[in-house]
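# Observations on the model geometry
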Amino acid sequence: MDLTDGRVRLRPPVPSDLEALVGSVRRSLPELEPWMPWATPDYDPAVGMKWITGELDAKAHSFVILDTDGTFAGTCGLNGIDELNRSANLGYWLDSGRTGRGLATAATMLLAAHALRRLDLRRVEIVMAVENVASRRVAERAGATYEGRMRNRLLLRGVHHDAHSFSMIPSDLP
């Protein structure tokens, strides 16, 4: 299933995305590594292919973010899906060369609308370390509601971090 707003396009990953995915992760390590536990110097095609095929999280709804010119810009997805409570976590990252143009915000809005309308989720959560200012700005620009600071919520590189919690529910959508 493809999602688009005319500016960005989200589509499920396919094996032909592997080279762009791995190259993008490696180029973006300085920005990703502090916040994404999976972003390590040894990120390789085998790990990338496990993400593409859904082997890392069979319940996840994973998408590639394509820029207006159709090139790989990053990924986003829904994970931590709680079927009983109809909720999920929404995550995103962009290639460092594609930041600052609103792509992550547009992708977040598209994916949240998909989750809350088509997947009939009642809540989408966006959680980031309090130090991850760029991710917080994306959540704010996407219209997510700030719910507070959660102490010691994220374990990143062996250190617990406080996290900001944002959410979106169906009534938040335009």
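My aim in this report is to walk through the structure given alongside it, one point at a time. (Residues numbered from 1 in each chain as written. Predicted model: local features only at pLDDT ≥ 70, side-chain atom pairs only at ≥ 80, totals over all residues. Heavy atoms only, no water.)

### What about the sheet that holds strand 2 (residues 9-11)?
On the basis of which strands lie adjacent, the open sheet formed by eight strands has the order 1-2-3-4-5-6-8-7 and mixed pairing. In the strand order of this sheet, the two ends are held by strand 1 (3-4) and strand 7 (145-156), each with one partner. Two strands pair when backbone bridges link them, and strand 5 (residues 87-94) and strand 6 (residues 123-129) are joined in this way by three bridges, in the parallel orientation. From the neighbouring strand, N89 faces strand 6, where its bridge partner is E125. (Pairing = 2+ DSSP bridges. Helix = DSSP H or I, 4+ residues; strand = E, 2+ residues; numbered from the N terminus.)

### Considering the nonpolar core
The biggest cluster of nonpolar side chains holds 32 residues, and the ones touching the most others in it are L10, C76, L90, Y92 and I126. Within the residue set of this core, elements represented by two or more residues are strand 3 (61-66), strand 4 (72-82), strand 5, helix 4 (103-118), strand 6, helix 5 (133-141) and strand 8 (159-168). Broken down by element, this core gets its largest block of residues, 10 residues, from helix 4. Setting aside its immediate chain neighbours within four residues, Y92 contacts M36, T75, C76, A104, T108, I126, M128, S135, V138 and A139. (Core = buried A, V, L, I, M, F, W, Y, C linked by side-chain atoms within 4.5 Å. Buried < 20%, exposed > 50% of the residue type's maximum accessible area, 1.4 Å probe, protein only. Contact = heavy atoms within 4.5 Å.)

### Notes on helix 4
Compared with an ideal rise of 1.5 Å per residue, which puts 16 residues at 22 Å, helix 4 spans 22 Å between its outermost C-alpha atoms and is within 8% of the ideal. Most of helix 4 sits out of view: 13 of its 16 residues are buried. (Expected span 1.5 Å × (residues − 1).)

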